[in-house]
Amino acid sequence: MPNTTQLHLPCGPVKAALTDNLIHARGIPYATAARFQPPEPTETWTIPLDCTARAPICPQLPSRLGSVMGLGLLDQIAAPRCGDPANLTLAGQSAGADSIVCMMAAEGTRGLFHWVILLSPPLGKLHGRAETRARLAEKAETLMTKDPREMTTAELLDLQKKLLLDRVWGRHMLFAPAFGAYPLPSENAVESKIVETARGVPVLVRWTAHDGRPFASMSGPLCSLYSMPFSSVSTAACQAGCASTTCSFDWGAQDNPLQACHTIDIQFVLGAPGAWEKPMLQGAMPKTSFVWVKR
């Protein structure tokens, strides 16, 4: 039996796993929603809820296919309300960082969180989403044989897979939240909304020196997707009195063509010895010695 600890959250007490001084609270029910409908807060509880085991992964798409609202984003905005209302950190990498950027731009999120960590946020993909969304919807209609509200989860995921395999989409994330649909502002107002929300919130942004190398087939300068776009947002944020810190992860494995590529930094934070079998880290072990200390 794993060690456990009890947490007292705004939604109710939960039993969490405790491993090496790290608390794992999984599957906390923070909201409920009818299909393709906005989330509603769950009822609070008083008996400790067992959150020591992994819960099912939500199959919803970030934009909840077929909806004009950013329902997937609303789901994410609902989640922090089960955390510490006075000390909440949002952290995300790549598409996860994009979700946090969208949360910072969304209506009603001011004061919801107190620290932000963005790892390799694809800020070069903030604009041009409306066109991608329209093309995506047009393509999806040609693949669907019935109303998406009548499709099973398996059918929706199969549709998503077919859309992802289509090579005509270019550089924009297909299922990213769409600006101009509630709760997000129009594309022209995104940066100002981010700065407004970030005022008083320390923001740490980190990218890797060669973030774009795994996506070399994408069009356009790869640096325009990650580090370069943040400079304008960061400058505006600093001028508005926001605490913004940026840094770059530059280490790359010996003789590995991917070098300091996208996601390589995650292995140093959350990785284990088996992580060195991943493509971007191969070649490091013969030249470098790493020791994992279990405390």
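Parameters at a glance
- Residues numbered from 1 in each chain as written.
- Predicted model: local features only at pLDDT ≥ 70, side-chain atom pairs only at ≥ 80, totals over all residues.
- Heavy atoms only, no water.
- Phe/Tyr/Trp six-rings, centres within 6.5 Å; stacked < 30°, edge-to-face > 60°.
- Helix = DSSP H or I, 4+ residues; strand = E, 2+ residues; numbered from the N terminus.
- Buried < 20%, exposed > 50% of the residue type's maximum accessible area, 1.4 Å probe, protein only.
- Salt bridge = Lys/Arg side-chain N within 4 Å of Asp/Glu carboxyl O.
- Core = buried A, V, L, I, M, F, W, Y, C linked by side-chain atoms within 4.5 Å.
- Contact = heavy atoms within 4.5 Å.

**Topic: the packing of aromatic side chains**
Alright, step 1. Per the stated rule, a full pass over the model turns up two aromatic pairs.
Alright, step 2. Ring geometry for Phe 249 versus Phe 268: centroids 5.2 Å apart, planes at 50°, classification tilted. With a gap of 19 residues between them, Phe 249 in strand 10 (residues 244-249) and Phe 268 in helix 7 (residues 264-270) connect regions that are remote in the sequence.
Alright, step 3. A residue is classified by how much of its surface remains accessible, and Phe 249, at 15% relative accessible area, is buried.
Alright, step 4. Phe 268 sits in the partly exposed class, given a relative accessible area of 36%.
Alright, step 5. Relative to Phe 268, the ring of Trp 251 has its centre 5.4 Å away and its plane inclined at 75°; by these criteria the two rings are edge-to-face. Taken together, the residues span a long stretch of sequence, with Trp 251 in the loop between strand 10 and helix 7 and Phe 268 in helix 7 at a distance of 17 residues.
Alright, step 6. An aromatic cluster is present here, built from Phe 249, Trp 251 and Phe 268 joined pairwise through their rings.

**Considerations on the pattern of salt bridges**
Alright, step 1. All chains considered together, the criterion is met by six salt bridges.
Alright, step 2. Among the salt bridges present, the one from Asp 98 reaches Arg 129, with a minimum N-O distance of 2.3 Å. Taken together, the positions of Asp 98 in helix 2 (residues 95-105) and Arg 129 in helix 3 (residues 129-143) put the pair 31 residues apart, joining distant regions of the chain.
Alright, step 3. Note on Asp 98: relative accessible area 3%, which makes it buried.

**Points about the nonpolar core**
Alright, step 1. Among the nonpolar cores identified, the biggest contains 29 residues, and Leu 73, Met 104, Phe 113, Val 116, Leu 118, Leu 184 and Val 203 are the most heavily contacted of them.
Alright, step 2. When contributions to this core are tallied by element, the ones reaching two or more residues are helix 1 (71-78), helix 2, strand 8 (115-119), helix 5 (190-198) and strand 9 (203-208).
Alright, step 3. The element contributing the most residues to this core is helix 2, with seven residues.
Alright, step 4. Among residues more than four places away in sequence, those in contact with Phe 113 are Leu 88, Leu 90, Met 104, Thr 197 and Val 201.
Alright, step 5. In terms of nonpolar packing, the next biggest core, distinct from the first, is built from nine residues, Phe 36, Leu 156, Leu 163 and Phe 175 among them.

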